[in-house]
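# Remarks on the overall topology
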Amino acid sequence: GGARRVAMRATLPASASAETEAPALDGIRARGRLVLRVDNELPPFSVNGEGIDVDLARALCKALNLDLSLLPFTAGENMDDDLRNMVWRGHYLGFGPADVLLHVPVDAPLMRNNPRVNIFAPYYRERLVMARDVKRVPKGEALADFAGQKIAVPGQSLAGWLMIGADGGGWREQLVTTWKDGAAAARALASGDVGAAAGQMSEIESVLAGDARFVIEPLPVPRMRDGWAIGCAVKRESTDLAQAVQGAINTLATSGDIGRIFAKAKLSW
């Protein structure tokens, strides 16, 4: 399952008056560096200071002719809290906010619930997928095709919750849910411990893409086939910064740089 290319369209707010709209980019250029926050436990996007989001942050700063100040953080369970702590207010422990937060769902309800944040510039479409050993599971069009096979899935994840609840909980005995993330579940499949693995497409592809022993297909749960886009977030009033970041994302997409960043991690884009 290749990722459908996301249309690069700004979702910028209507211009405020000159008296109320601060030129955020001027201050950033004066200090010469852009502060970006990335999740430090999100394979393959950011792990121990490396990954897709880290490479994208570097490319964005290069396009904007700014130095990069990278601030990894551990995401919480609530995206609203992350947006408050990392984008518009700062954490109660005294760090933040950042100029830009990467890897934010471009989601209408999230936007409505966070009026102090501008979410824009989608750069990837995430999906839930199932990878299977083609010898042990010849087809995977429906969950019934996986009967009798152990399935690795991170229990504390959307894929895990859907699999645990599928068919009234009928698959729970086949699930191995101890994995930290989908990449770990995929490694269990690669080692032969299970017959299939479920998780986010980015996690699964980063481990199994190009290995002919396995097929990666949409998770056979109809309501999650379309997935969701991920993008960037800035303070609502930072309109000039949002426009600059959007322009840089567009340029990196057109030049092929974003595609190359994803290909480095074995992901289709």
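Here, every reference points to the structure presented above.
My aim in this report is to walk through the structure given alongside it, one point at a time. (Residues numbered from 1 in each chain as written. Predicted model: local features only at pLDDT ≥ 70, side-chain atom pairs only at ≥ 80, totals over all residues. Heavy atoms only, no water.)

Running from N to C, helix H2 (residues 52–64) and helix H8 (residues 239–255) point in directions that differ by 105 degrees, and their axes come no closer than 9 Å. When the interaxial angle is binned, H2 and H8 end up roughly perpendicular. Counted together, Leu 56, Ala 59, Leu 60, Ala 63 and Leu 64 of H2 and Ala 244, Val 245, Ala 248, Ile 249 and Leu 252 of H8 form the full contact between these two elements. Looking at the contact of H2 with H8 residue by residue, the classes come out as 10 nonpolar, no polar and no charged. (Axes fitted to C-alpha atoms, helices over the stretch in contact; angles between N-to-C directions. Helix = DSSP H or I, 4+ residues; strand = E, 2+ residues; numbered from the N terminus. Parallel < 35°, antiparallel > 145°, perpendicular 65-115°, else oblique. Contact = heavy atoms within 4.5 Å. Nonpolar A, V, L, I, M, F, W, Y, C, P; charged D, E, K, R; others polar.)

Of all seven residues that make up strand S1 (residues 33–39), six are buried, and the element is covered over most of its length. Of the pairings in the sheet, the one linking S1 to strand S4 (residues 67–73) comprises seven bridges and is parallel in character. When the bridges of S4 are listed, Asp 39 appears paired with Phe 73. Pairing between S1 and strand S5 (residues 100–105): two bridges, direction parallel. The residue bridging Leu 36 from the neighbouring strand is Val 100, located in S5. (Buried < 20%, exposed > 50% of the residue type's maximum accessible area, 1.4 Å probe, protein only. Pairing = 2+ DSSP bridges.)

As a further point, take the environment of Glu 41. With respect to the helices and strands, Glu 41 occurs in strand S2 (residues 41–42). In the structure, Glu 41 is positioned 31 residues away from Pro 72 in sequence and 8.8 Å away in space, judged by C-alpha atoms.

What follows concerns the pattern of salt bridges. Enumeration according to the criterion identifies seven salt bridges in this entry. A salt bridge links Arg 31 to Asp 99; the nearest nitrogen and oxygen atoms lie 2.1 Å apart. Taken together, the residues span a long stretch of sequence, with Arg 31 in helix H1 (residues 24–31) and Asp 99 in the loop between helix H3 (79–88) and S5 at a distance of 68 residues. In this structure Asp 99 comes out as buried when scored by relative accessible area, which is 14%. (Salt bridge = Lys/Arg side-chain N within 4 Å of Asp/Glu carboxyl O.)

This brings us to the nonpolar core. Among the nonpolar cores identified, the biggest contains 53 residues, and Leu 34, Leu 60, Val 100, Leu 102, Tyr 124, Val 245 and Phe 262 are the most heavily contacted of them. The contact partners of Phe 262, leaving out residues within four places of it in the chain, are Phe 45, Ile 52, Tyr 123, Tyr 124, Leu 267 and Trp 269. Counting 17 residues, the second largest nonpolar core, distinct from the first, contains Val 153, Leu 162, Trp 171 and Ala 196. (Core = buried A, V, L, I, M, F, W, Y, C linked by side-chain atoms within 4.5 Å.)

The pairing of strands in a sheet comes from backbone hydrogen bonds and takes either a parallel or an antiparallel form. Across the sheet, five strands lie side by side as S9-S8-S10-S7-S11; this open sheet has mixed pairing. One side of each edge strand has no neighbouring strand; the edge strands of this open sheet are strand S9 (175–176) and strand S11 (214–218). For strand S7 (residues 128–133) and strand S10 (residues 196–200), the ladder comprises five bridges, and the chain directions are antiparallel. Opposite Val 129, over in S10, you have Gly 199 as the bridge partner. Of the strands in this sheet, S7, strand S8 (151–152), S9 and S10 are in contact with helix H5 (residues 158–165), which crosses S7 at around 70 degrees.

What follows is about the side chain of Glu 126. Mapping Glu 126 onto the fold places it in strand S6 (residues 117–126). Although buried, Glu 126 forms no salt bridge, and the nearest oppositely charged side chain, Arg 127, lies 7.7 Å from it. Of the polar contacts made by the side chain of Glu 126, one reaches the backbone nitrogen of Met 201; its length is 3.1 Å. Of note is the side chain of Glu 126, whose polar atom sits 2.6 Å from the side chain of Ser 202. (Lys, Arg positive; Asp, Glu negative; His and termini not counted. Polar contact = N/O pair within 3.5 Å; in protein donor to acceptor, adjacent residues only side chain to side chain.)

Relative to the helices and strands, Gln 174 is located in the loop between H5 and S9. Since its relative accessible area comes to 17%, Gln 174 is described here as buried. Once you skip the residues sitting within four places of it in the chain, Gln 174 turns out to touch Phe 146, Ala 147, Gly 148, Gln 149, Lys 150 and Ile 151.

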